[in-house]
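Results of the structural survey
The primary structure of each chain is shown beneath.
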Amino acid sequence: MEASDSGITNPDSKDTLTSSYPKPSAAASPAYSSSSLSTAAAFIRAIESGSKHLLIKRFTFRYPEQKLKFVGDGYQFDPKRGVGIAGYRGRHILYHDKCTGCQLCSIACEGIAEAIGMVKVDEKWDQNKKSIMPQIDYGKCVFCGLCVDACPFYALSMTNDYELSAFTKEHLIYTPAQLAIKPKYEGDVVLQVEDWKGSEGQDVTTTEGAKKGIRRGIKGASHGHV
Amino acid sequence: MTTIEDKIEESKKLGMQIVKESEDDRLMTLSVGPQHPGSGHFRFVIKVDGDYIVYCDPDPGYVHRGDEKMCEYRNVIQNIPHLERPVIHDSNNITYSYSLAVEELVGIEVPRRGQFIRAIASELNRQVYTLYWLAIYGIFLGHSTMFMWPAGDRELFIDLLEALTGARVTHAFNIPGGVRNDIPEGFKDRCLRNVGYFEKRLKEYEDIFYNNPLFRQRTEGVGILQKEDAIKLGVTGSVLRASGVPYDIRKVEPYDVYNEIDFNVQYMRTGDSFARSYVPFLDMKESCHIIRQLLDKMPKSGEVRAKLQPNPKGPPNEAYRRVESGRGALGYYVVSDGTPKPYRVKISVGSFRNILALPFLLVGSRMADMPSIYWSLNYWPVEADR
Amino acid sequence: MSTYPEKFRFGEFVGSIVWLVFIILILVTLIGLPLIFVVLFYAPLPPVGDQVLTPYLFLSMTVDPTRTLPIIKYFIHTDLFRIAAFPGFSYAALFAAVTIFVERKFLAKMQLRVGPLYAGKIEGIFQLLADGLKLVSKEIIVPSGADKPIFWAAPIAFVATAAAVTTLIPVAPGWVAANINVGLLAVFAILGFFPLIALLFSWASNSKYPFIGGLRALHQMIAFEIPFILSALSVVILAGSLNLTEIVNSQISSNWYILFLPISAFVFYISSLAELERIPFDLPEAESEIVAGWLTETSGMIYGLIQLGSYIKTYALAALFVVLFLGGWAGPVIFPAELTPGYTGVRIYNAITASAIFWFTIKTFGMIMLMLLPRGINPRIRIDILLHTGWYKLIVLAFINMFVALALVYGGILGPGGLLVR
């Protein structure tokens, strides 16, 4: 279809209604006209592919009884080296014996979600002269972890816990005392597939098996080498 | 200032217009609006004569939230979780070109290992986005199995990205200066295993979907976009490559480590809906090879992140960098005025360019071809509206 | 049902139960008892065995279990039982309920996921009940400007027509609600109502998307009725009669007709998928193009009725396939002749009937599973390809098999006195 003169015609003008819009070109009618034998073979292959899946193990798992396992203990940040340590970004954990009340986490979050506010706590710590600690509102937190990146005292890191539902919005605001508890998360299921075999039938759990791959195209496609 | 009487007059006139149109008895105006299972967060108005569409008027803007303006109130690092939201499924690509632009402005050099990890995350995220797009393509054509299988296989990559970045979808992983953390233990073996298994699944997709005669009948020869028209309209990404133009930004302007990777640009010459749905599939196959090469060539140790001051800022300057994302060229134009917060951020997305082709392709085609043409243009409404 | 629940008070709970009992007692005394008396005074009393069934006899028989068998036997052979319970509506509805659940689990297994899981302790077995309760509690929204009498009547007509088809299908020898001599023709006559109901309902909805969907439904169902009838006609040529029981009997005396007429069976299968609006032929309900087609304005129990009618129609057409091509209830007698040897009282159990019902159920269920399979494999078809297939290709295939059937009958292989007839 030519872009210049097919375009959008104005069908409100009555005299151009039945003749102005472009008639469908030949390509719009069924152009698929290969032999019926290859059609039947393609259908049979599709049925075979679909029915094969009735016999293999399901991919999803049954959530409350089976939970996903995470590697590691949660996301942490090392201020000395200036780089993070890989882990799952779930609920925060605040170490009261390291927090100095410097507010850097709250300042970092101000531009993102404004979820951290500093509150006065009753505890007296040597390193925390003002006795303030962060409280996190999980109704606003986006779990980005930039507050963990901002803390220079190893006081804030994240854990594997993500089951944080509550019945009221007030229950979502976690006070510093609540943030000090390390959550217990028991997940033990990893991805379930029928068998870890690659496209050539090789075992992909070994390195040399996993490095083999195929390049294949279809008839009618041109692959560019630019 | 319009009074309420003026407004009533205006709506009466509009109502009369619609009545006059239906007096003709041939045309029917349909609003394929946001409340439609086949349109996403997007509205387009079509006029239908029997089974043929005669007029199409796309109406984007339903999800406009002022993302570009909000960037001016956050400093350069705080912008990352904000800017990954337009296309959250492809978050490592949309923050990639922002990071490249800011690095040019501030003058940071990213360490080599960090560049490799950024490229790996970008390729994995490309797979995630393309599989999600393929799943929705399947369900738009009524193929519920093709919705579930890619959505399930996406878990293979989301699992890897969760081990790498810490979150399943909202990664916030690329920052100006590199990436936020190093790869965990056992990641390389897991990645190779998942990618190898995924290639076997690609064979199943071909059997049940791409070679299914019913799918071919519905998409071959439908909505043909010729090569000259594609270049004139300015479409990008897989839509452009399906019309015969082998243009991929990773080859044309290689960024980071892509000039050391050997891969082919996948393109097809026919330009119909089938080609536009097959090119992302070929791209996924090629991505598997890219991931393997990246894992091989990555330096064994090194920094992943350049040291930055807490509020990075540079001299007043402007920068434009672009990246090949799942939908096409995604460019950022960042202007800084010497303060830590950028003066202006402009995002140039592939979706908004591609939707220009929609009126040209829909006019003259059947109503049943509407989902197959619309979604094959690789349009992500949230990104186009920003 | 979506409000925040108040605190539970035991006193209020007991109070509501007492109210319920009170209302039931009042209704029974004021309405129920007079109704019973009227019925018993004015209804003609049937004879059971060799006695007239008076209310006193009825009550004494129900008290003593060994003497209830004559009543049960009497009721099993009434018309009401046949229409409402066994080969009629309740049997079809039971099949429909099991089909809905099995379909969801079957498709889920093919798509590598679990399907309904949480409603009920074992694998979501109460999901259908939960869905039914949800639909009953939803508000039925009638669009303004809709044609109200037709809007309310069309879904009921849909279920009624689907149930009417099930009365014609024989499940066991002697067990059919309506044993008409032109049974097959009656089935097709009733099936011809469905396009009309779809069109009426879509027009009465007064909305654009249902209008498009209704026209598509009309085109599709009418286009596929002709190959449907033609493929069944080949069976009639071989069997020599339009009576469905006769067709099954002639298959018992020769062989299953699918061996002689495979192409007709295939055409019948494809046409029945199109009549049922199942994927790949679900254009009238195409979700991504025309929202929900002619079902767009249904909500609440109207949607529930249409789903029920759709699945009862699935059972009816699968059962029709089994009767025409797979030999109905043909199969070896696998139940023992007598449950308790040496029993001389009133007999209800009949070994031949029991095994006939067993084989029929197994075959119908297998046929329904075969009808569910394309849903996991194919995308939706487009309307011009659909009409092209229905009007050209399938009619040609049906005619080919009709000539094969004629050749078999006139060649003396089948039909009266044929070589393969026992």
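If you're wondering where the values come from, they're calculated on a predicted model, not measured in any experiment.

This part covers the overall build of chain C. Regarding its fold elements, chain C presents 15 helices and 2 strands. Projected onto the principal axes, the alpha-carbon positions of chain C cover approximately 75 × 65 × 45 Å. Looking at chain C as a whole, 37% of its 422 residues are labelled buried. At a minimum sequence separation of 6, the contacts of chain C that also span at least 24 residues come to 76%.

Along its length, chain B carries 16 helices and 9 strands. On C-alpha atoms alone, chain B measures out to a radius of gyration of 22 Å, which is about the 21 Å that the 2.2 N^0.38 rule sets for 386 residues. Of all 386 residues assigned to chain B, the portion counted as buried reaches 56%. Sequence separation of 24 or more characterises 70% of the internal contacts of chain B that already satisfy a separation of 6 or more.

The next point concerns the sheet that holds strand β1 (residues 27–32) of chain B. Residues and elements named next belong to chain B. Overall, antiparallel pairing links the 3 strands, which are arranged β1-β2-β3 in an open sheet. Of all the strands in the sheet, the pair left with one neighbour each is β1 and β3 (52–59). Within this sheet the neighbouring strands show an average axis-to-axis angle of 20°, counted without direction. Sheet analysis places β1 next to strand β2 (residues 43–49), joined by 6 bridges and oriented antiparallel. Each residue of the ladder has a partner; that of Ser31, found in β2, is Val45.

All names here are of chain C. Considering every residue of chain C, the mean pLDDT works out to 85; 94% of them sit at 70 or more. Confidence, read as mean pLDDT per element, is least for strand β1 (residues 47–48) in chain C (68) and greatest for helix α13 (residues 301–325) (92). Predicted complex, confidence summary: ipTM 0.82, pTM 0.85.

Moving on: the interface of chain B and chain A. With 73 residues of chain B at the interface, the matching set in chain A holds 64 residues. Top element by residues in the side of chain B that touches chain A is helix α7 (residues 187–210) of chain B. It accounts for 11 residues. Its residues placed into classes, the side of chain B that touches chain A shows 29 nonpolar, 18 polar and 26 charged.

Turning next to the pairing of strand β7 (residues 317–325) of chain B. All names here are of chain B. Pairing between β7 and strand β8 (residues 328–336): 9 bridges, direction antiparallel. By the bridge assignment for β8, Val323 is matched with Leu330. In this structure, the hairpin formed by β7 and β8 is closed by a connection of 2 residues.

This part covers the sheet that holds strand β4 (residues 116–120) of chain A. Residues and elements named next belong to chain A. Reading across the sheet, the 3 strands line up as β4-β5-β7 and stay open at both edges, with antiparallel pairing between neighbours. The strands lining the two open edges of the sheet, one partner per strand, are β4 and β7 (173–174). Two elements, strand β5 (residues 132–137) and β7, share 2 bridges in a ladder whose sense is antiparallel. Note on β7: the bridge partner recorded for Asp137 is Ile173.

What follows deals with helix α12 (residues 262–275) of chain C. All names here are of chain C. If you check α12, its first and last C-alpha atoms are 20 Å apart, about what 14 residues at 1.5 Å a residue would give, namely 20 Å. Counted residue by residue, α12 has 10 buried out of 14 residues, so it is predominantly covered. Among all positions in α12, only Ser264, Ala265, Val267, Phe268, Ile270, Ser271, Ser272, Leu273, Ala274 and Glu275 are buried. Packing partners of the buried residues in α12 comprise α8 (183–191), α10 (208–239), α13, α14 (351–372) and α15 (383–410). Glu277 occupies a position one or two residues after α12 and carries a positive phi of about 55°.

For the rest of this paragraph, the subject is the interface of chain A and chain C. Taken together, the contact pairs 11 residues of chain A with 11 residues of chain C. Of the residues assigned to the side of chain A that touches chain C, the class counts are 5 nonpolar, 4 polar and 2 charged.

The next thing to look at is unusual backbone geometry. Each neighbour pair has its own omega, and for Ile279 of chain C with Pro280 of chain C the value is 10°, a cis peptide bond. Among the secondary structure elements, Pro280 of chain C is positioned in the loop between α12 and α13. The phi dihedral of Tyr154 of chain A falls on the positive side, at around 60°, and the residue is not glycine. As for its position among the elements, Tyr154 of chain A is in the loop between α4 (146–150) and β6 (156–158).

A separate point is the nonpolar core. In this structure, Cys147 of chain A together with Ile312, Tyr315, Ala316 and Phe321 of chain C are the most contacted members of the largest nonpolar core, which totals 240 residues. With 16 residues, the single largest contributor to this core is α13 of chain C. Ignoring anything within four residues of it in the chain, the contact list for Ala316 of chain C reads Ala92, Ala162, Val165, Thr166 and Ile169 of chain C. Core analysis: the second largest hydrophobic core is formed by 5 residues, Ile212, Leu215, Ile290 and Val291 of chain C among them.

Okay, the packing of helix α4 (residues 91–106) of chain B against helix α5 (residues 112–140) of chain B next. Residues and elements named next belong to chain B. For the pair α4 and α5, the least separation of the axes is 7 Å and the interaxial angle reads 140°. It follows that α4 is oblique to α5 by the angle criterion. Listed contacts from α5 to Ser91, Asn92, Asn93 and Tyr96 of α4 are Arg118, Ala121, Ser122, Asn125 and Arg126.

Residues and elements named next belong to chain B. Counted at 1.5 Å a residue, the expected span for helix α6 (residues 145–165) with its 21 residues is 30 Å, and the 30 Å between its end C-alpha atoms agrees. At Leu156, α6 is deflected by roughly 25°, the largest bend along its length. Of all 21 residues in α6, 16 are buried; the element is thus mostly enclosed. Of the residues one or two after α6, Gly166 is the one with positive phi, at around 105°.

Tracing the backbone through its elements, the reader meets Pro262 of chain C in helix α12. Expressed as a C-alpha distance, the spacing of Pro262 of chain C and Phe325 of chain C, which sit 63 residues apart in the sequence, is 8.8 Å.

Next up on the list: the environment of Gly338 of chain B. Residues and elements named next belong to chain B. Tracing the backbone through its elements, the reader meets Gly338 in the loop between β8 and β9 (344–348). What makes Gly338 exposed here is the crowd of 10 C-beta atoms within 10 Å. Gly338 sits 11 residues away from Arg327 along the chain, and the two C-alpha atoms are 33 Å apart. With near-sequence residues (within four places) excluded, Gly338 lies in contact with Lys313, Pro315 and Pro316.

Parameters and conventions
Residues numbered from 1 in each chain as written. Chains lettered and ligands numbered in written order. Predicted model: local features only at pLDDT ≥ 70, side-chain atom pairs only at ≥ 80, totals over all residues. Helix = DSSP H or I, 4+ residues; strand = E, 2+ residues; numbered from the N terminus. Buried ≥ 20, exposed ≤ 12 C-beta atoms within 10 Å, placed from the backbone. Contact = placed C-beta atoms within 7 Å. Rg over C-alpha atoms; globule rule 2.2 N^0.38 Å. Pairing = 2+ DSSP bridges. Axes fitted to C-alpha atoms, helices over the stretch in contact; angles between N-to-C directions. pLDDT = per-residue confidence, 0-100. Nonpolar A, V, L, I, M, F, W, Y, C, P; charged D, E, K, R; others polar. Expected span 1.5 Å × (residues − 1). Core = buried A, V, L, I, M, F, W, Y, C linked by C-beta atoms within 7 Å. Parallel < 35°, antiparallel > 145°, perpendicular 65-115°, else oblique. Bend = angle between axes of the 7 residues up to and from the residue.

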